[in-house]
Amino acid sequence: MIILLTGGTGYIGSHTAIAAIAAGHQVVLYDNLSNSHAQVIEKMHTITHQKIPFVQGDVLNTELLYKTLVEYKIDAVIHLAGLKSVKDSSEYPINYYHNNVSGTISLLQAMSRAGVKKLVFSSSATVYGEPQYLPYDENHPTTPINVYGRTKLQIEEVLRDLVDSDSTWRILALRYFNPVGAHASGLIGENPQGIPNNLMPYVAQVAAKELPILHIFGDDYATKDGTGERDYIHVMDLAEGHTAAIDYLINHEGFRCINLGTGSAFSVLDLVKSFEHVLGSKIPYQISPRRHGDLPKYFADASLAHELLNWKAHRSLLDMCHTTWIFKKNSKKGS
Ligand SMILES: NC(=O)c1ccc[n+]([C@@H]2O[C@H](COP(=O)([O-])OP(=O)(O)OC[C@H]3O[C@@H](n4cnc5c(N)ncnc54)[C@H](O)[C@@H]3O)[C@@H](O)[C@H]2O)c1
């Protein structure tokens, strides 16, 4: 199949493109480069030994999307383009609704006009909100506690309504848990600008001595060691989940939401210890007060993905830390 990846030069998009090529698909990248760099495309060429077409454009540009879908004879779209900072989303809600929700509607208009009706959408575990029970399964109530999560939930609702109105659409919303790690080559990975919001890139920057110390927000949660617990998933496992989703759409109609997680929770201290093991030295950290809005613990019931997509995450926490560190060292050399 020929697959268009919106957000294709981003962290998850670049890994997903590589997994899709490895599975025998052709890909076209579409991105406005608001949170990524065109240099990643060269790295993807090195990894795949293929030239990957890239269109620089915004998903809000319906006309350019339509032309791209037609010109490249696209069969299916993986829609990853979006803004993803929980913190920014409460400061700039209109930007977030415009980019994420209106951007998706623009994409659906272009797809509809071009007759491309297979879509995999990057949703998030943030749609669930405060856990009523754990692990979260796909039937867990959805009451997101931040604007970012509400943009994802609204998009899911739009997609469900669309499929209800026209059964020729086939759409999966993949609810990601906490993607971390990098491609084994160490050529691509997560490279946030400024001080990272997420734990793993923060730990990597402390390990590389770019930041002096790791702040762990809260050690008095009702978890196994008092620190927050998350379902960390290796980005290459997540990427392979998308190709499994594309395969599913070939034979199945309708709309489904599916969790992509490992089904296990690791604490902040588990992750730090694992990183220290890779590094061979200690990561300096200090305990800081809890952050408002952080949940103590959540993780996925990953059984639906296994049942429907025949997909399971299999890479370890050590592998997540190891590939993060290889990428970090490589990008330091290159910088
Ligand atoms: N990384 C996570 O922890 C996580 C978790 C759950 C869901 N997601 C979702 O997965 C998707 C990809 O996330 P990521 O971590 O790769 O983020 P990312 O920022 O690295 O990638 C997103 C890409 O989309 C592009 N983009 C943003 N707005 C655009 C627009 N209007 N038009 C065209 N391109 C645009 C950015 O330039 C970037 O390259 C996002 O939709 C995000 O919300 C991410």
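Preceding this section is the structure that the text describes.
Treat the numbers as computed from the prediction; the structure is a model and nothing was measured.

A closer look at the nonpolar core
- In terms of nonpolar packing, the biggest core is built from 37 residues, with Leu5, Val27, Leu29, Leu172, Leu174, Leu260 and Leu309 touching the most fellow members.
- Among the elements that make up this core, the one with the highest residue count is helix H8 (residues 235–251) (seven residues).
- For Leu29, the residues in contact, after removing those within four places along its chain, are Leu5, Gly8, Thr9, Ala17, Ile41, Met44, Ile52, Pro53, Phe54 and Val55.
- Val101, Ala110, Val116 and Leu119 belong to the second-largest nonpolar core, a separate cluster that totals 28 residues.

What about the environment of Tyr97?
- Tracing the backbone shows Tyr97 in helix H5 (residues 93–114).
- Through-space distance from the C-alpha of Tyr97 to that of Asp220 is 34 Å; in sequence the pair is 123 residues apart.
- Once residues within four sequence positions are removed from consideration, Tyr97 is found in contact with Ser102, Val147, Arg150, Thr151 and Gln154.

Remarks on the sheet that holds strand E5 (residues 118–124)
- Read from one edge of the open sheet, seven strands run E3-E2-E1-E4-E5-E6-E11, paired in parallel fashion. At either end of the open sheet lies a strand with only one pairing partner, and these are strand E3 (54–56) and strand E11 (254–260). Strand-to-strand twist in this sheet, taken as the mean axis angle between neighbours without regard to direction, amounts to 20 degrees.
- Inspection of the sheet shows strand E1 (residues 2–6) paired to strand E2 (residues 26–31) by five bridges, in the parallel sense. When the sheet's bridge partners are listed, Ile2 is paired in E2 with Gln26.

Some remarks on the side chain of Asp231
- Tracing the backbone through its elements, the reader meets Asp231 in the loop between strand E9 (229–230) and strand E10 (232–234).
- No salt bridge is formed by the buried Asp231; the nearest opposite charge belongs to Arg230, separated by 10 Å.
- Among the polar contacts made by the side chain of Asp231, one reaches the side chain of Thr262 at a distance of 2.6 Å.
- One polar contact links the side chain of Asp231 to the main-chain amide nitrogen of Ala300, over a distance of 3.0 Å.
- Residues contacting Asp231, with those up to four places away along its chain left out, are Phe177, Asn178, Gly261, Thr262, Gly263, Ser264, Tyr298, Phe299 and Ala300.

Description of the pattern of salt bridges
- Applying the stated rule across the entire model yields 14 salt bridges.
- Of the charged contacts in the structure, one is a salt bridge between Lys224 and Asp270, with a shortest N-O distance of 2.6 Å. In this pair, Lys224 is assigned in the loop between strand E8 (214–217) and E9 and Asp270 in helix H9 (residues 268–279), connecting sequence segments 46 residues apart.
- Among the residues examined, Lys224 registers a relative accessible area of 56% and is labelled exposed.
- The residue Arg315 makes a salt bridge to Glu240 at a minimum N-O spacing of 2.9 Å.

What to know about the site of the ligand
- Close to the ligand lie 27 residues, the nearest being Ile12, Asp31, Asn35, Ser36 and Tyr148.
- Note that an oxygen atom of the ligand is positioned 2.7 Å from one of the side-chain N or O atoms of Asn35.
- The separation between an oxygen atom of the ligand and a polar main-chain atom of Leu80 is 2.8 Å.
- When the free accessible area of the ligand is taken as 820 Å², the share hidden by the protein chains comes to 95%.

Remarks on the pairing of E1
- Buried residues dominate E1, accounting for five of its five residues.
- Of the two faces of E1, the one holding Ile2, Leu4 and Thr6 and the one holding Ile3 and Leu5 are both buried throughout.
- The parallel pair E1 and E2 is bridged by helix H1 (residues 11–22), and the resulting crossover is right-handed.
- Here four bridges tie E1 to strand E4 (residues 76–79), and the two strands are oriented parallel to one another. Bridged to Leu4 within E4 is Val77.

A word on the environment of Arg315
- By the element assignment, Arg315 lies in the loop between helix H10 (303–309) and helix H11 (317–334).
- Considered as a pair, Arg315 and Thr262 are 53 residues apart in the sequence and their alpha carbons are 9.1 Å apart.
- Setting aside anything within four residues of it in sequence, one finds Arg315 in contact with His234, Met236, Asp237, Glu240 and Met320.
- Of the polar contacts made by the side chain of Arg315, one reaches the side chain of Asp237; its length is 2.5 Å.

Quick notes on the packing of aromatic side chains
- Overall, the coordinates contain five aromatic pairs when judged by the stated rule.
- When the centroid spacing of 6.2 Å and the interplanar angle of 50 degrees are considered together, the rings of Tyr136 and Phe177 count as tilted. Of this pair, Tyr136 sits in the loop between E5 and helix H6 (147–165) while Phe177 is found in the loop between strand E6 (170–176) and strand E7 (178–180), placing the two residues 41 residues apart along the sequence. With respect to burial, Tyr136 and Phe177 carry one shared label: buried.
- Both rings, one in Phe177 and one in Tyr298, keep their centres 6.1 Å apart while their planes meet at 55 degrees; by these two values the pair is tilted. One end of the pair, Phe177, is in the loop between E6 and E7; the other, Tyr298, is in the loop between strand E13 (285–288) and H10, and 121 residues separate them in sequence.
- Exposure remark for Phe177: the relative accessible area of 6% places this residue in the buried category.

Rules of the game
- Residues numbered from 1 in each chain as written.
- Predicted model: local features only at pLDDT ≥ 70, side-chain atom pairs only at ≥ 80, totals over all residues.
- Heavy atoms only, no water.
- Core = buried A, V, L, I, M, F, W, Y, C linked by side-chain atoms within 4.5 Å.
- Buried < 20%, exposed > 50% of the residue type's maximum accessible area, 1.4 Å probe, protein only.
- Helix = DSSP H or I, 4+ residues; strand = E, 2+ residues; numbered from the N terminus.
- Contact = heavy atoms within 4.5 Å.
- Pairing = 2+ DSSP bridges.
- Axes fitted to C-alpha atoms, helices over the stretch in contact; angles between N-to-C directions.
- Lys, Arg positive; Asp, Glu negative; His and termini not counted.
- Salt bridge = Lys/Arg side-chain N within 4 Å of Asp/Glu carboxyl O.
- Polar contact = N/O pair within 3.5 Å; in protein donor to acceptor, adjacent residues only side chain to side chain.
- Near = heavy atom within 4 Å.
- Areas by Shrake-Rupley, 256 points an atom, 1.4 Å probe, with all protein chains shown as cover.
- Right-handed = clockwise from strand over helix to strand, strands pointing away.
- Phe/Tyr/Trp six-rings, centres within 6.5 Å; stacked < 30°, edge-to-face > 60°.

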